[in-house]
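A look at the structure
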Amino acid sequence: MAKDQQDTPRFQIFRAKDAPGLMEAECMSVEPFTPIQRAGMDRALAAGYLEGDEIQVLCQLPGFSLTHVWFKEGYVLPLHSHDCDCLYYIIAGSIRLGTEELGPRDSFFIPSGVPYTYKPGPDGVELLEIRQAASFNFVNLAKNEGFWDKVVEQTAQHREAWKSAKRPLLNA
C-alpha cells in the first residue's frame, strides 16, 4: 500500500463528549487586536462574555473540520472573517443574517475573507460549522468603542440567564 494511503484515515468515530473546546483544540488563530478591540474584549470577558457560547471541535482532520456551536440568546458576535470557506448548518434555534431569518435545517455559506456576523434568535442557535481546513484564523473587524459598549451591555443583561439557558429545541 502506498504511504499516502496508509496515512489517510479510512474510518473514525468522533464523540461529542470527547470533543475539545475551540481554544483547547488550537485550530483557530486570532489575528492581533487593535488597542480598542483588546480593551473592548477585555471588558466583555470581565462581564461574562464567554458564558454566552459553547463551542466544540467535533472533528479535525487534514483538510477538514467540523465544529458545533451554541450561541445563547443575546450573544453578540463581532463582525469578522476567516481565511477559509465555511458552510454553516443550523440544527435548532434561529439567526438573523443581514435581512434574512434562518432556522432549523437552513444553511449558509461564507467564502474565505468575507466579513460577516449574525445574531442568535430568541432561543439562541445551535449550528454546525463545516470547513475544508483543519485550522483557520479569526480576523476581528469590530473596530469602534460603541460596538464594544454594546457587547458589554448585552453580556451584563444576559449573563444570569446564560447560566441556566437550555439549548434550543428542534422544531420539526
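See above for the structure.
Residues numbered from 1 in each chain as written. Predicted model: local features only at pLDDT ≥ 70, side-chain atom pairs only at ≥ 80, totals over all residues. Heavy atoms only, no water.

**Concerning the overall build of the protein**
Broken down by element type, the protein carries 4 helices and 9 strands. Along the protein, from the amino end to the carboxyl end, the secondary structure elements read α-α-β-α-β-β-β-β-β-β-β-β-α. For 172 residues, the compact-globule formula gives about 16 Å, and the C-alpha radius of gyration of the protein, at 17 Å, lands near that figure. Oriented by its inertia axes, the alpha-carbon framework of the protein measures out at about 60 × 40 × 30 Å. Taking all 172 residues of the protein together, the buried fraction comes to 41%. As displayed, the protein has an accessible area near 9,900 Å², and 55% of this comes from carbon and sulfur atoms. Distance between charge centres in the protein, computed from 17 positive and 23 negative side chains, equals 3 Å. (Helix = DSSP H or I, 4+ residues; strand = E, 2+ residues; numbered from the N terminus. Rg over C-alpha atoms; globule rule 2.2 N^0.38 Å. Buried < 20%, exposed > 50% of the residue type's maximum accessible area, 1.4 Å probe, protein only. Areas by Shrake-Rupley, 256 points an atom, 1.4 Å probe, with all protein chains shown as cover. Lys, Arg positive; Asp, Glu negative; His and termini not counted. Charge placed at Lys NZ, Arg CZ, Asp CG, Glu CD.)

**Here's the deal with the environment of P168**
Residue placement: P168 occurs in the segment after α4 (145-164). Under the relative-accessibility criterion, P168 is labelled buried at 8%. In this structure the C-alpha to C-alpha distance between P168 and G93, which are 75 residues apart in sequence, comes to 5.1 Å. In contact with P168, not counting residues within four places along its chain, are W70, A92, G93, D123, G124, V125 and E126. (Contact = heavy atoms within 4.5 Å.)

**Quick word on the pattern of salt bridges**
Counted according to the given criterion, the structure contains 9 salt bridges. D18 is the salt-bridge partner of K17, the closest N and O atoms lying 3.3 Å from each other. With a relative accessible area of 53%, D18 lands in the exposed category. A salt bridge links R167 to E54; the shortest N-O distance between them is 3.1 Å. Placement of R167 in the segment after α4 and of E54 in strand β2 (residues 53-61) is noted, with a sequence separation of 113 residues between them. Taking relative accessible area as the criterion, R167 reaches 35% and is therefore assigned partly exposed. (Salt bridge = Lys/Arg side-chain N within 4 Å of Asp/Glu carboxyl O.)

**Observations concerning α4**
An ideal rise of 1.5 Å per residue puts 28 Å on 20 residues; α4 measures up with 29 Å between its terminal C-alpha atoms. Of all the bends found along α4, the most pronounced is centred on H158 and spans about 50°. Along α4, the residues that are buried comprise F147, W148, V151, V152, Q154, T155, H158 and W162. Close packing links the buried residues of α4 with α3 (35-47) and β9 (136-140). Where α4 begins, one side-chain oxygen reaches toward the backbone nitrogen of G146, 3.1 Å away; that side chain belongs to N144. (Expected span 1.5 Å × (residues − 1). Bend = angle between axes of the 7 residues up to and from the residue. Polar contact = N/O pair within 3.5 Å; in protein donor to acceptor, adjacent residues only side chain to side chain.)

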